[in-house]
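Residues per chain are reported as follows:
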Amino acid sequence: MTELADDGGAPRFANWAGRNWALVLGLVMVGSIVALALLAEIISPASPTRMRMAQALLPPSGAHWFGTDNLGRDVASRVFYGTRISLFIGIATVLLTGIAGTLLGLVAGYVRTLDGVLMRIMDGFMAFPALMLAVAITATLGPSSINAVVALAAVYIPRTARVVRASTLVVSQLDYVESARVLGCSESRILWRHILPNCLGPLIVQLTFVFAYAVLSEAALSFLGMGTPPPTPTLGAVIAEGRDYVREAPWICLFPGLALLICVLGLNLMGDGLRDRFDPRRAAGEP
């Protein structure tokens, strides 16, 4: 450690990156996708919704980096803007899931009289396959970005609540929590100042995976026509539009599929890296 400190920050960062390669690689992949989404207006070759039938099904070129679709729309532009929509839905799902799942998990783990009722309700939601439940909710509410967020949050709130509940049950029995009770701290102070901060590690890891699942599930909903309605491009919708032309124009499905792959893989690598960081046994090098 002395040698690393004497040599400066670069060796320390290289050492840290070597031990956390999954987290670093995930951050690079997700950061690249986020940059494409944020800079969509600047880097897009054309409007994502403008149709030019004379330029339909053109292969990738300097004018159209990812080619054009069956309506002459620029696939690169649709991928960039579609990535933005997918990330927006993923972030909104994570925020709603994080807030509601954390509150339910804390209450269930700390107020034991409500634990049974709340967890049985969560179990009822978890009894359905995630995508099937999301499809059922969006079919009832109608296709839109907001309804997709509501449907995906309803799917992943129970899973997040169970993670927070498990952490709350463990932390609430630790000595420093008992000491806070003896000192006369209110239950709300114990819950928010002592228990919640110690649940953040597992919660952050869980929300990272929820982000990945939400992006993937949103693409599936859009592919089925139950996500954001056209003409707004989403990754799933672009893939669905290109499935009938996969032989003569495979680039229509290829590039949005690659963007989806990089985003989901990067988020999963981030989740794995964060899990290793927050797990004391892994940090200490134990098997």
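Here, the structure is the one placed above.
My aim in this report is to walk through the structure given alongside it, one point at a time.

### Details of the overall build of the chain
Link 1 in the chain: Along the chain, the regular secondary structure elements total 14 helices and zero strands.
Link 2 in the chain: Along the chain, helices and strands appear, N-terminal first, in the series α-α-α-α-α-α-α-α-α-α-α-α-α-α.
Link 3 in the chain: For the chain, the C-alpha atoms occupy an extent of roughly 80 × 60 × 30 Å along the three principal directions.
Link 4 in the chain: Looking at the 287 residues of the chain, the share that counts as buried comes to 45%.
Link 5 in the chain: For the chain, contacts bridging at least 24 residues in sequence account for 69% of all contacts bridging at least 6.
Link 6 in the chain: Only carbon and sulfur atoms are counted for the fraction: they give 68% of the accessible area of the chain, which is about 14,400 Å².

### Observations regarding the packing of helix H5 (residues 75-110) against helix H11 (residues 200-223)
Link 1 in the chain: At a minimum axis separation of 8 Å, H5 and H11 run at an interaxial angle of 140°. Accordingly, the angle class assigned to the pair H5 and H11 is oblique. Helix-helix and strand crossings are classified by hand; for H5 and H11 the assignment is right-handed. Residues Ser86, Leu87, Ile89, Gly90, Ile91, Thr93, Val94, Thr97, Gly98 and Thr102 of H5 form the contact with H11, whose own contacting residues are Leu203, Leu207, Val210, Phe211, Ala214, Val215 and Glu218.
Link 2 in the chain: Grouping the amino acids of the contact of H5 with H11 by side-chain chemistry returns ten nonpolar, six polar and one charged.

### Structural notes on the pattern of salt bridges
Link 1 in the chain: Inspection of the entire model under this criterion finds nine salt bridges.
Link 2 in the chain: Between Arg84 and Glu41 there is a salt bridge, with its nearest N and O atoms 2.6 Å apart. Separated by 43 residues along the polypeptide, Arg84 in helix H5 and Glu41 in helix H4 (residues 40-43) bring together distant segments of the chain.
Link 3 in the chain: Here Arg73 and Asp69 are joined by a salt bridge, their closest N and O atoms 2.9 Å apart.
Link 4 in the chain: Among the charged side chains, a network of salt bridges with common partners joins Asp69, Arg73, Arg78 and Glu241.

Reading the values: the criteria
- Residues numbered from 1 in each chain as written.
- Predicted model: local features only at pLDDT ≥ 70, side-chain atom pairs only at ≥ 80, totals over all residues.
- Heavy atoms only, no water.
- Helix = DSSP H or I, 4+ residues; strand = E, 2+ residues; numbered from the N terminus.
- Buried < 20%, exposed > 50% of the residue type's maximum accessible area, 1.4 Å probe, protein only.
- Contact = heavy atoms within 4.5 Å.
- Areas by Shrake-Rupley, 256 points an atom, 1.4 Å probe, with all protein chains shown as cover.
- Axes fitted to C-alpha atoms, helices over the stretch in contact; angles between N-to-C directions.
- Parallel < 35°, antiparallel > 145°, perpendicular 65-115°, else oblique.
- Left-handed = near helix turned anticlockwise from the far one by under 90°.
- Nonpolar A, V, L, I, M, F, W, Y, C, P; charged D, E, K, R; others polar.
- Salt bridge = Lys/Arg side-chain N within 4 Å of Asp/Glu carboxyl O.

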